[in-house]
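# Structure assessment
Next come the chains, spelled out residue by residue.
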Amino acid sequence: MTPTRLSMLALTAFLTLLAACTEPETYPVSGEECGPTDPVQELDASDCVVLPPAT
């Protein structure tokens, strides 16, 4: 295994463990409490479509 691949694997494992340590019902980055009035409740999968850059 190359050092780059090993470091990427270690970073992925670290971030996964870090995300698993968040409080339930809170956002992992800000720590704010989730609620039924949050705007993300209205998101749909079609809102996450990435468009190619304009040429």
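The structure presented is a predicted model; accordingly, all values stated were derived computationally and were not measured. (Residues numbered from 1 in each chain as written. Predicted model: local features only at pLDDT ≥ 70, side-chain atom pairs only at ≥ 80, totals over all residues. Heavy atoms only, no water.)

Summing up its helical and strand segments, the protein has one helix and zero strands in all. Counting only carbon and sulfur atoms, one obtains 66% of the accessible surface of the protein, whose full area is about 5400 Å². (Helix = DSSP H or I, 4+ residues; strand = E, 2+ residues; numbered from the N terminus. Areas by Shrake-Rupley, 256 points an atom, 1.4 Å probe, with all protein chains shown as cover.)

Turning next to the environment of Ser-46. For Ser-46, the location among the structural elements is in the segment after helix H1 (3-20). Of the polar contacts made by the side chain of Ser-46, one reaches the side chain of Asp-44; its length is 2.9 Å. (Polar contact = N/O pair within 3.5 Å; in protein donor to acceptor, adjacent residues only side chain to side chain.)

Right, let's talk about a nonpolar patch on the surface for a bit. A surface patch of nonpolar side chains, amounting to about 310 Å² of accessible area, comprises Leu-11, Phe-14 and Leu-15. With respect to the helices and strands, Leu-15 occurs in helix H1. Judged by its relative accessible area of 46%, Leu-15 falls in the partly exposed class. (Patch = residues over 30% accessible without salt bridge, like charges linked within 9 Å, V, L, I, M, F, W, Y side chains within 5 Å. Salt bridge = Lys/Arg side-chain N within 4 Å of Asp/Glu carboxyl O. Buried < 20%, exposed > 50% of the residue type's maximum accessible area, 1.4 Å probe, protein only.)

This part is about the side chain of Asp-38. Looking at the secondary structure, you find Asp-38 in the segment after H1. No salt bridge is formed by the buried Asp-38; the nearest opposite charge belongs to Arg-5, separated by 37 Å. At a separation of 2.8 Å, a polar atom in the side chain of Asp-38 contacts the main-chain amide nitrogen of Gly-35. Beyond its immediate chain neighbours, meaning those up to four positions away, Asp-38 contacts Tyr-27 and Glu-33. (Lys, Arg positive; Asp, Glu negative; His and termini not counted. Contact = heavy atoms within 4.5 Å.)

By themselves, these are just geometric observations and shouldn't be taken as functional.
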